[in-house]
Amino acid sequence: MEQLLTLIFFLFGLIFGSFFNVVGLRVPEGESIVLPPSRCRSCGARLRPADLIPVLSYLFSKGACRHCHAKISPLYPAVEGLTGLAFALVYQVYGWSGETAAGLLFVSVLAIISVSDLAYRLIPDKITLPAWGLFLLLRWWIHPAEPYGLHLLAMAVGFGVFFLLTVLSRGGVGGGDIKLFAVVGLFLGLRLLVLAIFLSALLGTIYGIGLILLRGAGRKTQVPFGPFIAAGSFLAYVAGDGLIRWYVEWFL
Ligand SMILES: [Zn+2]
């Protein structure tokens, strides 16, 4: 039963991941997320139901449009697959609980902003600002680790620290990143926010060093930070307590 439910969460994650691709690509353009139906972004051919099966459509079409043979971004199946895994993992960690429902909403926000940031280098306010309201209410009902006040404080810290960084670095960190860290703080609380910031910076740095080594990219190369914030925050959410315990045992 447990495995079956995990599989169901995974499959729902695939389908929602496909929807998050649409939301993440359309919201920054001010388009409706319902209409028109999905089309090839290159030739405009309307996608058939068979083209809308998460991950599999991409594999069967070998990553190209059936009409114009334009390459389809591997971003689509990647977001679908990762959302599937994230949904299954949230269920594995938090079980059949209110926290799992909250966790799925958190994953949804992280997935959508990652798509927008990768496609447009932009984390839309239309996603982060409603997320503030949503998680303010959610954390009032469901507060797993810390008192509500610490979640509010974490929101202020997430916003404040990165606002300062932006001012000091003269725009090295984007405004969207600041608002996103406020969302993450509000949702995770203070302790896990600190870990999320650390993990995001670590993942971003590893990726950056990898780019420099592989491609000889210069310091000017712009890498969207949103997906790293998303990955770091998700890791902190599902494995944070274990990671903190491990760190304390080994290094302190
Ligand atoms: Zn096409």
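Fair warning: this is a prediction, and the values are worked out from it, not measured in the lab. Residue positions are counted from 1 within each chain, in the order its sequence is given. It should be noted that, the model being predicted, local features are given only for residues of pLDDT at least 70 and side-chain atom pairs only at 80 or more, the latter also being counted only at that level, while totals for whole chains, interfaces and linings use all residues. Hydrogen atoms and water are omitted, and side-chain values are computed over all heavy atoms in the structure.

Caption draft 1: Summary view of the packing of aromatic side chains. Each Phe, Tyr or Trp ring, with Trp reduced to its six-membered ring, pairs with another whose centre is within 6.5 Å; inter-plane angles below 30 degrees give stacked pairs, above 60 give edge-to-face pairs, and intermediate values give tilted ones. According to the stated counting rule, one finds 20 aromatic pairs in the structure shown. On the basis of an interplanar angle of 70° and a centroid distance of 6.1 Å, the ring pair of phenylalanine 106 and phenylalanine 135 is categorised as edge-to-face. One end of the pair, phenylalanine 106, is in helix H4 (residues 98–120); the other, phenylalanine 135, is in helix H5 (residues 125–141), and 29 residues separate them in sequence. A single burial state applies to phenylalanine 106 and to phenylalanine 135, both of which are buried. On the numbers, 5.2 Å between centres and 35° between planes, the contact of tyrosine 247 with phenylalanine 251 is tilted. Taken together, the residues tyrosine 247 and phenylalanine 251, both in helix H9 (residues 226–251) and 4 residues apart, mark about one turn of the helix. Numbering of helices and strands runs from the N terminus; a helix is a DSSP stretch of H or I covering at least four residues, while a strand is a stretch of E covering at least two. Only protein chains enter the accessibility calculation, which uses a 1.4 Å probe. A residue is then buried if its area is under 20% of the maximum for its type, exposed if over 50%, and partly exposed in between.

Caption draft 2: Structural view of the nonpolar core. Within the largest apolar cluster, 46 residues are counted, with the highest numbers of intra-cluster contacts made by Phe106, Phe135, Val184 and Leu188. Listed by contribution, the elements that provide at least two residues to this core are helix H1 (2–26), helix H3 (75–94), H4, H5, helix H6 (148–169), helix H7 (175–188), helix H8 (190–215) and H9. Segmentation into domains, and thus their bounds, comes from an automatic or database assignment. Summarising the domain contributions, this core has at least three residues from each of domain 1 (1–96) and domain 2 (122–252). Contacts are assigned to residue pairs that have any heavy atoms within 4.5 Å of one another. Excluding its chain neighbours within four sequence positions, the residues that come into contact with phenylalanine 135 are Leu105, Phe106, Val109, Val183, Leu186 and Phe187. We call a set of buried Ala, Val, Leu, Ile, Met, Phe, Trp, Tyr and Cys residues a nonpolar core when their side-chain atoms join them within 4.5 Å.

Caption draft 3: Examining the packing of H5 against H6 more closely. H6 packs onto H5 with a crossing angle of 155° between their chain directions and a minimal axis gap of 9 Å. When the axes of H5 and H6 are compared, the pair comes out roughly antiparallel. Handedness of the crossing formed by H5 with H6: right-handed. Across the interface between the two elements, Trp132, Leu136, Arg139 and Trp140 from H5 touch Tyr148, His151, Leu152, Met155 and Phe159 from H6. Any residue outside Ala, Val, Leu, Ile, Met, Phe, Trp, Tyr, Cys, Pro, Asp, Glu, Lys and Arg is labelled polar, Gly included; the first ten of those are nonpolar and the last four are charged. By residue class, the composition of the contact of H5 with H6 is 7 nonpolar, 1 polar and 1 charged. Whenever a helix is involved, its axis is fitted only over the stretch in contact; in every case the axis is a line through C-alpha atoms, and angles between N-to-C directions fall within 0 to 180 degrees. The cut-offs work like this: below 35 degrees is roughly parallel, past 145 is roughly antiparallel, 65 to 115 is roughly perpendicular, and the gaps in between are oblique. Handedness of each helix crossing follows the sense of rotation of the near helix against the far helix: counterclockwise by less than a right angle gives left-handed, clockwise gives right-handed.

Caption draft 4: Here's a closer look at the UniProt feature "domain: Prepilin peptidase A24 N-terminal" (unreviewed entry) in the protein. Mapped onto this numbering, the UniProt entry gives "domain: Prepilin peptidase A24 N-terminal" (unreviewed entry) at residues 11–91. Overall, residues 11–91 shows 47% helix and 0% strand. The separation of its end C-alpha atoms is 12 Å. UniProt positions are given in the numbering used here, feature names are shortened, and annotations may be inferred rather than shown by experiment.

Caption draft 5: Region of interest: the domain arrangement of the protein. Segmentation of the protein into domains returns domain 1 (1–96) and domain 2 (122–252). Relative placement of domain 1 and domain 2: their C-alpha centres are 25 Å apart. Residue-level contacts link 9 residues of domain 1 with 7 residues of domain 2. Once two parts are joined, some of their accessible surface, as seen by a 1.4 Å probe, is lost; buried area is that loss totalled over both. Both sides of the domain 1 and domain 2 interface together cover about 670 Å² of buried area, and 81% of this is carbon and sulfur. Together, Val27, Pro28 and Tyr94 form the three largest contributors to the area buried by domain 1 at its contact with domain 2, with a combined 54%. Any carboxyl oxygen of Asp or Glu that lies within 4 Å of a side-chain nitrogen of Lys or Arg is treated as forming a salt bridge with it. On inspection of domain 1 and its partner domain 2, the count reaches 0 salt bridges. By the criterion applied in these results, polar contacts are pairs of N or O atoms within 3.5 Å in which, for protein atoms, one can donate a hydrogen and the other can accept it, and in which residues neighboring in sequence qualify only through two side-chain atoms. Across the domain 1-domain 2 interface, the total number found is 1 residue pair in polar contact (both at pLDDT 80 or more). Each residue belonging to the side of domain 1 that touches domain 2 can be placed in one class, and the counts come to 8 nonpolar, 1 polar and no charged.

Caption draft 6: View of the coordination of the zinc ion. Each metal's donors comprise the N, O and S atoms found within 2.8 Å of it (within 3.2 Å for Na, K or Ca). Water is not part of the atom list, so some coordination spheres may appear incomplete. Coordination of the zinc ion by the protein comes from Cys40 (SG), Cys43 (SG), Cys65 (SG) and Cys68 (SG), over a distance range of 2.3 Å. Coordination at the zinc ion is tetrahedral, judged from the 4 donor atoms that bind it and the angles of 104 to 115° they form at the metal. In terms of primary sequence, the donors binding the zinc ion are separated according to C-x2-C-x21-C-x2-C. For cysteine 65, a relative accessible area of 6% puts it in the buried group. Square planar and octahedral sites, with four and six donors, are those where opposite donors lie more than 155 degrees apart and all other angles lie between 65 and 115, tetrahedral sites have four donors with every angle between 85 and 135 degrees, and the rest are irregular.

Caption draft 7: Structural view of H8. Counted at 1.5 Å a residue, the expected span for H8 with its 26 residues is 38 Å, and the 37 Å between its end C-alpha atoms agrees. When we look at burial in H8, the residues that qualify are Leu192, Leu193, Leu195, Ala196, Leu199, Ser200, Gly204 and Leu211. Where H8 is buried, its residues contact H6, H7 and H9. With its phi angle positive at about 65°, glycine 216 sits one or two positions after the end of H8. For a helix, the expected span equals 1.5 Å multiplied by the number of residues minus one.

Caption draft 8: Quick peek at the side chain of glutamate 99. Mapped onto the fold, glutamate 99 is located in helix H4. Owing to a relative accessible area of 7%, glutamate 99 belongs among the buried residues under this scheme.

Caption draft 9: Inspection of the side chain of arginine 26 at higher detail. Within the secondary structure, arginine 26 sits in helix H1. Arginine 26 has contacts with Glu31, Ser32, Ile33, Val34, Leu35, Pro36, Pro37 and Ser38, leaving out every residue within four places of it along the chain.

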